[in-house]
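Close look at the chain arrangement
Below, each chain spelled out in residue letters.
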Amino acid sequence: MRFWKKRWLDELENTLPPMRQEVHDEPLPCEKNGVIKKSNAFRDWFATHKKRFFAGVATCVAAVVGVCAALPFLFPPTVEEPVKTPSALYLEINPSAVFSVDENGTIVAVVAGNADADVILSDQTRVEEIVGKTAETGVCVFVDYAARLGYLDLNTPSAVRLSGIAENELKAAVSGIEVYFREKGAYAVVVNETLSLAEFCSRTGIACASDAQSLVESVNALNRMYSKRQAEGKTDEEVQSLYGELVALEQLEEIIKIMEWLGMDTTALKALIELPQTLAEYTEKIDAYFMQTYQRLLEKYEEGYGQVRDEIAETDYEAYIESIEREYGSLSEYWNSLTNSQYSFK
Amino acid sequence: MDRLEIDKLLKKTAQGDNVAFEELYKRTNKGVFAFLYTYLHNYADAEDAMQTTYLKIKRSISAYRVGTNGRAWILQIAKNHALNEIAKNKRLVPLDAVGEIACETPFEETGVMRTLERVLNEEEQRIVCLHVLWGYKHREIAEIVNSPTGTVTSKYKRAVEKLKRALKEEEK
């Protein structure tokens, strides 16, 4: 259901007429009385002492210019460069992902926080659209893929949460996502939280790090696919069971039935229904499954993603965020009301 | 609707800035209309009253004290006009007669305005309007309607639940 408050505002916007001419033409009381502005003592003085005023201004300007010219020689400036450190960002939509960012603000690695994120990150070409980009750009690419695959419906009010350990990187990424939503005409909010190292590790499930550098190194060392991290150290039997949990086998069977009815080749899909016997087979099948899922979701949600929506003006977007904050107390509370999902990194 | 913004626009209007007045209209007309509608229950009358409200705002702008509550001032003008109209025309329309007027409204039958009318009583409509369109906090609304804050909060929540349920039904 489209957000009812937005619907209400749209209804009123679309049905109410503009201001009537008689209202527009009604003179304001001060116009009627011939007084546009209140009396101003300075203005009265200026009207009679213009030459003296400009002479005074010229003298002041000359003095200021002289002092400014001498200042660099008297007090050489010492510009302190802000200390750059690596950082990390955690984006939750469902799907969820962690981005490690180097000291220059460039994404070094992106790892999936859950199996749905694997659908996006299963292909190296998509990863390359994210890694090597600024946090502001790369995070937006991930959000856009989430929207293309139907995980984020740009046509209904929604929210994403972005947490980070460095406020600058976080703010830049938040700003990027907000611009993306406005340009797409999406009433979606970015809930953002600056976390301590310990809080970040607790939220993501990543092993606690002593400093930002260690955290980033931990993230970089992880397999970017959630489904493959889950399989690490498991026996063949456990891997079979894991495959059954991650792959929507019943849904695949339904799709196969429809495809057979349409006379389409189902060989590849049928192979995915068979449980893997080894870890190697698991890896191969899970990759194929996510690639197939990516294509299927891309086609399924193409129309919704491509729907024309008017770009949202900055003031309207800010007003929308304010309305959410009024309704829920804070954006974090809004996020809590939408989801209580927890993602764990292993 | 930001209270400070409204105050700023009223101040500029009082100084003779017609552009500020137009901006004020743009920012507040939806809230004024929706508020008047809760009294008049009729699109044509509410629209008429809305235009007259802005006319009255212009005519009495010098009476507005800058820094006081601009929202409340505008709503007071609107409310007084609505009550005068009701008394003058004796057209206090009972809610169960809404169906007869449906043909006079450009709002969709399954839209939010019509649903608001159908499922909420006048007080609930006003509470929802003041909170959603005017940005009043529950405790501020409580002062306006002379009720405890808790009562306003629970009425608002119930009203929104009823509204959402009704809108969901209509979408099916």
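Each value, and the rule that gives it
Residues numbered from 1 in each chain as written. Chains lettered and ligands numbered in written order. Predicted model: local features only at pLDDT ≥ 70, side-chain atom pairs only at ≥ 80, totals over all residues. Heavy atoms only, no water. Helix = DSSP H or I, 4+ residues; strand = E, 2+ residues; numbered from the N terminus. Contact = heavy atoms within 4.5 Å. Areas by Shrake-Rupley, 256 points an atom, 1.4 Å probe, with all protein chains shown as cover. Buried < 20%, exposed > 50% of the residue type's maximum accessible area, 1.4 Å probe, protein only. Pairing = 2+ DSSP bridges. pLDDT = per-residue confidence, 0-100. Buried area = accessible area lost by both parts, 1.4 Å probe. Salt bridge = Lys/Arg side-chain N within 4 Å of Asp/Glu carboxyl O. Polar contact = N/O pair within 3.5 Å; in protein donor to acceptor, adjacent residues only side chain to side chain. Nonpolar A, V, L, I, M, F, W, Y, C, P; charged D, E, K, R; others polar. Phe/Tyr/Trp six-rings, centres within 6.5 Å; stacked < 30°, edge-to-face > 60°. Lys NZ or Arg CZ within 6 Å of the ring centre and 35° of its normal. Axes fitted to C-alpha atoms, helices over the stretch in contact; angles between N-to-C directions. Parallel < 35°, antiparallel > 145°, perpendicular 65-115°, else oblique.

**A look at the overall build of chain B**
Regarding its fold elements, chain B presents nine helices and zero strands. Secondary structure elements in chain B, listed N-terminal to C-terminal, are α-α-α-α-α-α-α-α-α. Expressed as a percentage of contacts within chain B between residues at least 6 apart in sequence, the contacts between residues at least 24 apart total 65%. Of the roughly 8,100 Å² of accessible surface on chain B, a fraction of 50% belongs to carbon and sulfur atoms.

**A look at the pairing of strand 2 (residues 96–101) of chain A**
All names here are of chain A. Extensive coverage of strand 2 is indicated by the burial of six of its six residues. Side chains Ser96, Val98 and Ser100 project from strand 2 onto one buried face, and the interleaved Ala97, Phe99 and Val101 project onto a second face that is buried too. Sheet analysis places strand 1 (residues 87–92) next to strand 2, joined by six bridges and oriented antiparallel. Note that in strand 2 the partner of glutamate 92 across the bridge is serine 96. Following strand 1, the chain reverses through three residues before pairing antiparallel with strand 2. Where strand 2 hands over to strand 3 (residues 107–112), the hairpin turn is made up of five residues, of which glycine 105 adopts a positive phi near 85 degrees.

**A look at the confidence of the model for chain B**
Close inspection of predicted coordinates is inappropriate in any region flagged by low pLDDT. All names here are of chain B. Across chain B, pLDDT averages 84, with 90% of residues at or above 70. When mean pLDDT is compared element by element in chain B, helix 3 (residues 43–59) scores highest at 93, while helix 5 (residues 98–101) scores lowest at 46. Here residues 97–103 is a poorly scored stretch, pLDDT under 50, and it has seven contacts once near neighbours within four places are set aside; other chains count. Of the two predicted TM-score estimates for the complex, the pTM is 0.53 and the ipTM is 0.85.

**A closer look at the interface of chain B and chain A**
How big an interface is tends to be stated in terms of the accessible area lost upon association of its parts. Contact with chain B, which involves 45 residues of that partner, is made by 28 residues of chain A. Buried area between chain B and chain A, summed over both chains or domains, comes out near 3,400 Å², and the portion from carbon and sulfur atoms is 63%. Counting across the chain B and chain A interface gives four salt bridges. Residues arginine 59 of chain B and glutamate 26 of chain A are paired through a salt bridge, measuring 3.1 Å at the closest nitrogen-oxygen approach. Across the contact surface, chain B and chain A share 17 residue pairs in polar contact (both at pLDDT 80 or more). Only helix 1 (3–14), helix 2 (18–40), helix 3, helix 6 (112–119), helix 7 (122–133) and helix 9 (149–171) of chain B provide two or more residues apiece to the side of chain B that touches chain A. Here the side of chain B that touches chain A gets nine residues from one element, more than from any other, and that element is helix 3 of chain B. For the side of chain B that touches chain A, the class distribution of residues is 24 nonpolar, eleven polar and ten charged.

**Some thoughts on the packing of aromatic side chains**
The final tally for this structure, using the stated rule, is 18 aromatic pairs over all chains. Relative to tyrosine 334 of chain A, the ring of tyrosine 328 of chain A lies with its centre 4.9 Å away and its plane at 55 degrees, an arrangement referred to as tilted. On the basis of relative accessibility, which here comes to 29%, the residue tyrosine 328 of chain A falls in the partly exposed class. Relative to tyrosine 39 of chain B, the ring of phenylalanine 35 of chain B has its centre 5.4 Å away and its plane inclined at 70 degrees; by these criteria the two rings are edge-to-face. One end of the pair is phenylalanine 35 of chain B and the other is tyrosine 39 of chain B, both in helix 2 and four residues apart, which spans about a single turn. Given a relative accessible area of 5%, phenylalanine 35 of chain B falls into the buried group. Here the aromatic residues Phe33, Tyr37, Tyr43 and Phe107 of chain B are joined through ring pairs into a cluster of three or more. The ring of tyrosine 136 of chain B carries the charged tip of arginine 71 of chain B above its face, separated from the ring centre by 4.0 Å.

**Some remarks on the environment of aspartate 118 of chain A**
All names here are of chain A. You can see aspartate 118 is positioned in helix 6 (residues 115–121). As for aspartate 118 and alanine 97, which are separated by 21 residues in sequence, their C-alpha atoms are 9.3 Å apart. Setting aside anything within four residues of it in sequence, one finds aspartate 118 in contact with Ala112, Arg224, Met225, Tyr226, Ser227 and Phe290. There is a polar contact of 2.7 Å between the side chain of aspartate 118 and the backbone nitrogen of tyrosine 226.

**Here's the deal with the packing of helix 2 of chain B against helix 7 of chain B**
Residue and element names in this part refer to chain B. As a packed pair, helix 2 and helix 7 sit with axes 9 Å apart at the nearest point and diverge in direction by 175 degrees. Considering the angle they form, helix 2 stands roughly antiparallel to helix 7. Across the interface between the two elements, Lys30, Gly31, Ala34, Phe35, Thr38 and Tyr39 of helix 2 pack against Glu122, Gln125, Arg126, Cys129, Leu130 and Leu133 of helix 7. For the contact of helix 2 with helix 7, the class distribution of residues is six nonpolar, three polar and three charged.

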